[in-house]
Amino acid sequence: GRVRLAWLFVEALEFSAGLRLPPDTTESEIRSRINDVLAKVELNAQQDQVISSLSGGQRKRASIAVELLADPPIFFLDEPTSGLDPGLEKKVMAILRNLADSGKTIILVTHATANITECHQVAFLSQGRMVYFGPPRKACEFFGVGNDDFAEIYNLISDSEPGKALENAE
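Residues numbered from 1 in each chain as written. Predicted model: local features only at pLDDT ≥ 70, side-chain atom pairs only at ≥ 80, totals over all residues. Heavy atoms only, no water.

1. Digging into the confidence of the model for the chain
Then step 1. A residue-level look at the chain finds 90% of positions with pLDDT of 70 or above and a mean pLDDT of 89.
Then step 2. Here helix H7 (residues 164-169) is the element of the chain with the lowest mean pLDDT, 50, and helix H2 (residues 27-40) is the one with the highest, 96. (pLDDT = per-residue confidence, 0-100. Helix = DSSP H or I, 4+ residues; strand = E, 2+ residues; numbered from the N terminus.)

In structure tokens:
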């Protein structure tokens, strides 16, 4: 057969559902699951677009939608907002927060700090060691930086030797 070069987003979801869901899943169950994930990632209006025409932020959300089809309890995401403008970064982080609030566990690695307060807990690492774990707002207090100045926390821990950031914070 011929290789398909341009998939509609909804077709990709249907194909992915066929791979990820049990073989006895009915067409109506698949359609319902697709509608549910489209709503969760706020891409209902883009379901009939060719995937290559989706914006960067829409593609990130489309990837999340594919994973949501199987309804996993835990997501591990590496830099899910990299390459996005600040508005799209905020939107993706809000969607991830909504997923967490609905009972999913979201674990992500990020260097983007603008929307870190969407997280319930954060861990800061320095030189391969955890130097802080807890609520984002308490991190600022812990490191002695201004409210929501998470970029300054990065400066503190990236410029220090192991343990030095902790010594300064105490």
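Moving on from the coordinates now.
2. As for the pairing of strand E1 (residues 74-78)
Then step 1. Only one face of E1 is covered, namely the one carrying Phe75 and Leu77; the face carrying Ile74, Phe76 and Asp78 has none of its residues buried.
Then step 2. In this sheet, strand E2 (residues 105-109) lies alongside E1 in parallel orientation, the contact comprising five bridges. Bridging from a neighbouring strand, isoleucine 74 pairs with threonine 105 of E2.
Then step 3. Once the chain exits E1 it traverses helix H4 (residues 86-101) before rejoining the sheet at E2, and the crossover so formed is right-handed. (Buried < 20%, exposed > 50% of the residue type's maximum accessible area, 1.4 Å probe, protein only. Pairing = 2+ DSSP bridges. Right-handed = clockwise from strand over helix to strand, strands pointing away.)

3. With respect to the packing of aromatic side chains
Then step 1. Enumeration according to the criterion identifies seven aromatic pairs in this entry.
Then step 2. Between tryptophan 7 and phenylalanine 15, the ring centres sit 5.3 Å apart and the planes meet at 65°, which makes this aromatic pair edge-to-face.
Then step 3. Here tryptophan 7 falls in the partly exposed class, since its relative accessible area comes to 30%.
Then step 4. Measuring from ring centre to ring centre gives 4.9 Å for phenylalanine 142 and phenylalanine 143, while their planes differ by 85°; the resulting arrangement is edge-to-face.
Then step 5. For phenylalanine 142, a relative accessible area of 29% gives the class partly exposed.
Then step 6. Residue phenylalanine 143 is classed as buried on the basis of its relative accessible area, which comes to 7%.
Then step 7. What links up through ring pairs into an aromatic cluster is the set Phe124, Tyr132, Phe142, Phe143 and Tyr154. (Phe/Tyr/Trp six-rings, centres within 6.5 Å; stacked < 30°, edge-to-face > 60°.)

4. Notes on the packing of helix H1 (residues 9-20) against helix H3 (residues 56-68)
Helix packing for two helices is described by the angle between their axes and how far apart those axes are.
Then step 1. Close contact between H1 and H3 brings their axes to 9 Å; oriented N to C, the two are set at 30°. Here H1 lies roughly parallel to H3, going by the angle between them. Every pair of crossing elements has a handedness; the one defined by H1 and H3 is right-handed. Packed against H1, whose contacting residues are Phe9, Leu13, Ser16 and Arg20, the element H3 presents Ala62, Ala65, Val66 and Glu67 at the interface.
Then step 2. Each residue belonging to the contact of H1 with H3 can be placed in one class, and the counts come to five nonpolar, one polar and two charged. (Axes fitted to C-alpha atoms, helices over the stretch in contact; angles between N-to-C directions. Parallel < 35°, antiparallel > 145°, perpendicular 65-115°, else oblique. Left-handed = near helix turned anticlockwise from the far one by under 90°. Contact = heavy atoms within 4.5 Å. Nonpolar A, V, L, I, M, F, W, Y, C, P; charged D, E, K, R; others polar.)

5. Some points on the packing of H3 against H4
Then step 1. Their axes nearest at 10 Å, the elements H3 and H4 cross at an angle of 15°. Classed by the angle they form, the pair H3 and H4 counts as roughly parallel. Between H3 and H4 the crossing geometry is right-handed. In this structure, H3 uses Gly57, Arg61, Ile64 and Leu68 to contact H4, whose residues at the interface are Leu88, Lys91, Val92, Ile95, Leu96 and Leu99.
Then step 2. For the contact of H3 with H4, the class distribution of residues is seven nonpolar, one polar and two charged.

6. Regarding the nonpolar core
Then step 1. Of all hydrophobic cores here, the largest spans 39 residues; its most connected members are Phe9, Leu13, Phe124, Phe143 and Ile153.
Then step 2. Not counting residues up to four positions away in its chain, the partners in contact with phenylalanine 9 are Leu38, Leu43, Gln46, Gln47, Gln49, Ile51, Leu54, Ala62 and Ala65. (Core = buried A, V, L, I, M, F, W, Y, C linked by side-chain atoms within 4.5 Å.)

7. Observations regarding helix H5 (residues 136-143)
Then step 1. Within H5 the residues assigned to the buried category are Pro136, Ala139, Cys140 and Phe143. Buried residues of H5 fall within an arc of 100° about the axis and therefore sit on the same side. The exposed set on the far side of H5, more than 90 degrees from its buried face, consists of Arg137 and Glu141.
Then step 2. Positive backbone phi, at 70°, marks glycine 144, one or two positions downstream of H5. (Arc of directions from axis to C-beta.)

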